[in-house]
Amino acid sequence: MNETIAALIWALGLTAWFVVRYPYHRRKRRLKVVRNHWDLEERSMLFFTVVTLVLLPILHWTSPLFQAADYPFHPAAGWLGTLALLGFVWLFRRSHKDLGKNWSYTLEIREEHSLVTAGIYQFIRHPMYAAFWLWALAQALLIPNLIVGPASLVSVALLYFRRSPREERMMLDTFGDQYRAYAARTARLIPGVF
Ligand code: SAH
């Protein structure tokens, strides 16, 4: 394991993100939206997440912009980052499959929306956000730079802590007691812990 291999592994993670998500993104456009939270806060958070998870790593490898914050690469960090990235790909794919046509890029309820409580969703309510935490962690371990590495952890933390309460309120408004009962028997991110 060296820095170049770690960079290639990071690129595989980005490719997996696209390959898993694209078919759901295409399908999504055909269903009518009945409730939506596409406001400035939501747009800014998603923009910041894409900047830190995609743009900053690319700038790190293609420009001298962040050079001053580089530190020596540790192979152990590279292996741990690879493990976290594998976890991301698995959880990301699993949660898309289980959500199916209920998935959306932003916070919204579409026509024929149903509450998913099976598959990975029987254990945790936010497996896709858990996947993003793993992706951000992988980046922090795979990129030996004090700014670019941890930047994604900041954006994912912001996204998670601002978005998940709004999402849960929206689900509660839509599904009422069904969602209340579901939330009472599941954890947010880690079964039995949080
Ligand atoms: N927070 C979830 C889903 C992220 S995708 C996760 O981390 O896995 C965001 C959209 O998924 C929301 O707009 C909401 O409409 C939908 N959603 C979230 N949880 C759901 C569930 N249990 N069943 C159906 N749709 C859900």
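The structure under discussion appears in the preceding block.
Before going into details, it helps to say that this report is about the structure given with it.

What counts and how
- Residues numbered from 1 in each chain as written.
- Predicted model: local features only at pLDDT ≥ 70, side-chain atom pairs only at ≥ 80, totals over all residues.
- Heavy atoms only, no water.
- 1 Å grid on protein atoms, 1.4 Å probe; cavity = no way out; pocket = protein on both sides within 12 Å on 5 of 7 lines; lining within 4 Å.
- Points joined across faces, edges and corners; volume = space filled by probe spheres on them.
- Helix = DSSP H or I, 4+ residues; strand = E, 2+ residues; numbered from the N terminus.
- Nonpolar A, V, L, I, M, F, W, Y, C, P; charged D, E, K, R; others polar.
- Near = heavy atom within 4 Å.
- Polar contact = N/O pair within 3.5 Å; in protein donor to acceptor, adjacent residues only side chain to side chain.
- Areas by Shrake-Rupley, 256 points an atom, 1.4 Å probe, with all protein chains shown as cover.
- Sits in = over half its atoms within 2 Å of the grid points.

**Focus: empty space enclosed by the protein**
- Within the structure shown, the criterion is met by 2 cavities of 30 Å³ or more.
- By volume, the largest cavity is sized at about 550 Å³.
- Looking at the lining of the largest cavity, the elements with two or more residues in it are α1 (3-28), α2 (40-62), α4 (127-142), α5 (148-175) and α6 (177-184).
- Per-class residue counts for the lining of the largest cavity are 22 nonpolar, 7 polar and 5 charged.
- When its volume is computed, the second largest cavity comes out at roughly 40 Å³.
- Every residue lining the second largest cavity is listed: Tyr-24, Arg-27, Lys-28, Leu-31, Gly-100, Lys-101 and Trp-103.
- A class-by-class count of the residues in the lining of the second largest cavity yields 3 nonpolar, 1 polar and 3 charged.

**Digging into the site of the ligand**
- Taken together, 21 residues sit near the ligand, with Glu-108, Val-116, Tyr-121, His-126 and Glu-167 positioned nearest.
- Here Thr-106 contributes a backbone N or O atom positioned 3.3 Å from an oxygen atom of the ligand.
- Between Val-116 and the ligand, the recorded distance is 2.8 Å, taken from a backbone N or O atom to a nitrogen atom.
- Burial of the ligand by the protein chains amounts to 99% of its free accessible area of 540 Å².
- Applying the majority rule of atoms within 2 Å of the grid points places the ligand in the largest cavity.
- Those elements that place two or more of their residues in the shell around the ligand are β2 (108-110), α4 and α5.
- Classifying every residue of the shell around the ligand gives 12 nonpolar, 6 polar and 3 charged.

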